[in-house]
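Structural overview
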Amino acid sequence: MKRMLLHSCCAPCSTAVIDVLKNDYQLTIFYYNPNIDTDEEYKHRLSEQKRYCKELGIDVIEEGYNSQDFLDRVVGLENEPEGGARCPVCFRLRLARTAQRAKKDGFDCFGTTLSVSPHKNAEMLNSIGKSVEEDEGIEFIEGNYKKKDGYKKSIEFSKKFGLYRQNYCGCKFSKEGR
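As a starting point, this report considers the structure included with it. (Residues numbered from 1 in each chain as written. Predicted model: local features only at pLDDT ≥ 70, side-chain atom pairs only at ≥ 80, totals over all residues. Heavy atoms only, no water.)

1. Quick word on the packing of aromatic side chains
The full count for this structure, using the stated rule, is five aromatic pairs. Taken together through their ring pairs, the aromatic side chains of Tyr31, Tyr42 and Tyr65 make up a single cluster. Sitting above the plane of the Phe107 ring, Arg3 keeps its charged end 4.1 Å from the centroid. (Phe/Tyr/Trp six-rings, centres within 6.5 Å; stacked < 30°, edge-to-face > 60°. Lys NZ or Arg CZ within 6 Å of the ring centre and 35° of its normal.)

2. Describing the nonpolar core
Counting 48 residues, the largest nonpolar core has Met4, Ile18, Leu21 and Phe110 as its most contacted members. At the level of elements, strand S1 (2-7), helix H1 (11-21), strand S2 (25-31), helix H2 (39-56), helix H4 (86-104), strand S4 (109-112), helix H5 (122-136) and helix H6 (150-161) are the ones that each hand at least two residues to this core. The element contributing the most residues to this core is H4, with eight residues. The contact partners of Leu21, leaving out residues within four places of it in the chain, are Met4, Leu6, Leu27 and Tyr145. (Core = buried A, V, L, I, M, F, W, Y, C linked by side-chain atoms within 4.5 Å. Buried < 20%, exposed > 50% of the residue type's maximum accessible area, 1.4 Å probe, protein only. Helix = DSSP H or I, 4+ residues; strand = E, 2+ residues; numbered from the N terminus. Contact = heavy atoms within 4.5 Å.)

3. Points about the environment of Leu46
With respect to the element layout, Leu46 can be found in helix H2. Since its relative accessible area comes to 8%, Leu46 is described here as buried. For the pair Leu46 and Cys10, spaced 36 residues apart in the sequence, the C-alpha separation amounts to 7.0 Å. Excluding its chain neighbours within four sequence positions, the residues that come into contact with Leu46 are Tyr31 and Glu62.

4. A look at empty space enclosed by the protein
In total, this model carries one cavity of 30 Å³ or more according to the counting rule given. Quantified by volume, the largest cavity comes out at close to 80 Å³. Taken together, Asn35, Phe70, Glu82, Arg86, Cys87, Cys90, Phe91, Arg94, Lys120, Cys169, Cys171 and Ser174 form the lining of the largest cavity. The element best represented in the lining of the largest cavity is H4, accounting for five residues. (1 Å grid on protein atoms, 1.4 Å probe; cavity = no way out; pocket = protein on both sides within 12 Å on 5 of 7 lines; lining within 4 Å. Points joined across faces, edges and corners; volume = space filled by probe spheres on them.)

5. Details of the pattern of salt bridges
One pass over the full model with this rule turns up 13 salt bridges. In this structure, the salt-bridge partner of Arg101 is Asp105, at a minimum N-O distance of 2.7 Å. A residue is classified by how much of its surface remains accessible, and Asp105, at 28% relative accessible area, is partly exposed. One salt-bridge network, in which partners are shared between bridges, spans Glu63, Asp69, Arg97, Arg101, Lys104 and Asp105. (Salt bridge = Lys/Arg side-chain N within 4 Å of Asp/Glu carboxyl O.)

6. Regarding the sheet that holds S1
Strand order across the open sheet formed by five strands is S3-S2-S1-S4-S5, with parallel pairing between neighbours. Looking along the sheet, the strands with just one partner apiece sit at the ends: strand S3 (59-62) and strand S5 (139-140). Bridge analysis of S1 against S4 gives four bridges, and the strand direction is parallel. Considered in S4, the bridge of Leu5 is made with Phe110. Along the sheet, H4 contacts S1, S2, S3, S4 and S5; its crossing angle with S4, the most-contacted strand, is approximately 155 degrees. (Pairing = 2+ DSSP bridges. Axes fitted to C-alpha atoms, helices over the stretch in contact; angles between N-to-C directions.)

Here it is in structure tokens:
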């Protein structure tokens, strides 16, 4: 079974994706989200991710919180709406770091939970993931996890496990736009 490092933005998004992938891959969650607007929000989401993964016996690797990683890359894109030109920059940052960590730690492949969200463009995410695969030399597993009621299932899993569900992607710009 291939070992996958799965980037996760939050526990709720990871639930349905883990459910789809768990029989085909040995999963480890990678929590790298410098886009999250505050240290408090970051820690809350991380705590929920760890709590959920502990229930499933899945390891979590945390890269650490450094919002400057994100803010430095989105200069000039602050007024873009969620789904606009800022998002691909953010996705590439997080997927590239996931690929680099996967390669360093000897994983066979990497992926992301981001496409479970109805607010995220799976085609764009997969295109970025494949580009990162080429750049970093490690296989990206494409997915559109909102299909087959994936998002609905993530809501059901979140209720079942009592997971905190935030109402914005994480960055201060999307928070202000809501």
